[in-house]
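# Observations on the model geometry
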Amino acid sequence: MHQTDRTAAPPTSLRSTLIEQGFVLLDREGPDGVTIRAVARAAGVSHAAPANHFPDRRHLMTELASVAFGQYLERVDAEPGPDRARAYVAALIDYALAFPGRYQLIWRKDLIDWEDPAFLEQMDRAYADFLTALALTRARPGYDRPDIETLATAAWSMAHGYAVLRSTGIFDHRTDAVTGKPRAEAILDLLLGSTRKDT
């Protein structure tokens, strides 16, 4: 009589496998290369098998975008230093360069449902946290006090534009000629102030 190995890991669910294979395709081929059929084939199941978890491609892509956005937020939390607003912008650039396909998907409103309650709540919560962090940053002595939402829009737009231009190879990695810092860090200094302790 064989004993059951109670320490063995539980079998991976089909949903998890589909998401995992979706990311493999996303990283290799970009958002346009991810379809229900392609993910099912990569997972080794029939093209009809994903229907119980993702009834159509839009549902699948929205789930992938939600997971990807969560991965970006994990990078925000992992950023060192007390300046959380700066962490949001720096992590955005870092994530886009590390995972260009995943980053592109997050902003593809033609492929994902931006009205999906879970995805929308995640985005709104992160944006509210970013605004709060930005307001605290600009309230320190020595900083001016612009409209926080205008500043947030400028910071997000700058980070997004720079990330896209870097990830597509239009911009190369360069250092700032004056400070010697990496270009992205120097841009953050110009927009959000340098990382210095208040005296």
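Residues numbered from 1 in each chain as written. Predicted model: local features only at pLDDT ≥ 70, side-chain atom pairs only at ≥ 80, totals over all residues. Heavy atoms only, no water.

### Looking at the confidence of the model for the protein chain
- On average, residues of the protein chain score 86 in pLDDT, and 87% of them are at 70 or above.
- In the predicted structure, residues 1-11 sits below a pLDDT of 50 and forms 0 contacts with residues beyond four places in sequence or in another chain. (pLDDT = per-residue confidence, 0-100. Contact = heavy atoms within 4.5 Å.)

### Quick notes on the side chain of Ser66
- Locating Ser66 in the fold gives a position in helix 3 (residues 57-78).
- Once residues lying within four places of it in the same chain are set aside, the contact partners of Ser66 are Phe119 and Gln122. (Helix = DSSP H or I, 4+ residues; strand = E, 2+ residues; numbered from the N terminus.)

### Quick look at the nonpolar core
- The biggest cluster of nonpolar side chains holds 52 residues, and the ones touching the most others in it are Val34, Leu64, Phe69, Tyr72, Val89, Leu105 and Phe130.
- Listing elements by their share of this core, those giving two or more residues are helix 1 (14-29), helix 2 (36-43), helix 3, helix 4 (84-98), helix 5 (100-106), helix 6 (117-138), helix 7 (148-167) and helix 8 (183-192).
- By residue number, the principal contributor to this core is helix 4, which donates 10 residues.
- Once residues within four sequence positions are removed from consideration, Tyr72 is found in contact with Tyr88, Ala91, Leu92, Tyr95 and Trp156. (Core = buried A, V, L, I, M, F, W, Y, C linked by side-chain atoms within 4.5 Å. Buried < 20%, exposed > 50% of the residue type's maximum accessible area, 1.4 Å probe, protein only.)

### Re the packing of aromatic side chains
- Following the criterion strictly, the structure yields 11 aromatic pairs and no others.
- Judged by centre distance (6.0 Å) and plane angle (70°), the rings of Tyr103 and Trp107 are edge-to-face.
- Owing to a relative accessible area of 3%, Tyr103 belongs among the buried residues under this scheme.
- One aromatic cluster is present, formed by Phe69, Tyr72, Tyr88, Tyr103, Trp107, Trp114, Phe119, Phe130 and Trp156 through successive ring pairs.
- We note Arg102 situated over the ring of Phe99; from NZ or CZ to the ring centre the distance is 4.3 Å. (Phe/Tyr/Trp six-rings, centres within 6.5 Å; stacked < 30°, edge-to-face > 60°. Lys NZ or Arg CZ within 6 Å of the ring centre and 35° of its normal.)

### A closer look at helix 3
- Under the 1.5 Å per step criterion, the end-to-end length of helix 3 is 32 Å for 22 residues, consistent within 8% with the ideal 32 Å.
- The set of residues buried in helix 3 consists of Leu60, Met61, Thr62, Leu64, Ala65, Ser66, Ala68, Phe69, Gly70, Tyr72, Leu73 and Val76.
- Two or three places before Arg58, at the start of helix 3, stands the capping residue Asp56, its side-chain oxygen 3.2 Å from that residue's backbone nitrogen. (Expected span 1.5 Å × (residues − 1). Polar contact = N/O pair within 3.5 Å; in protein donor to acceptor, adjacent residues only side chain to side chain.)

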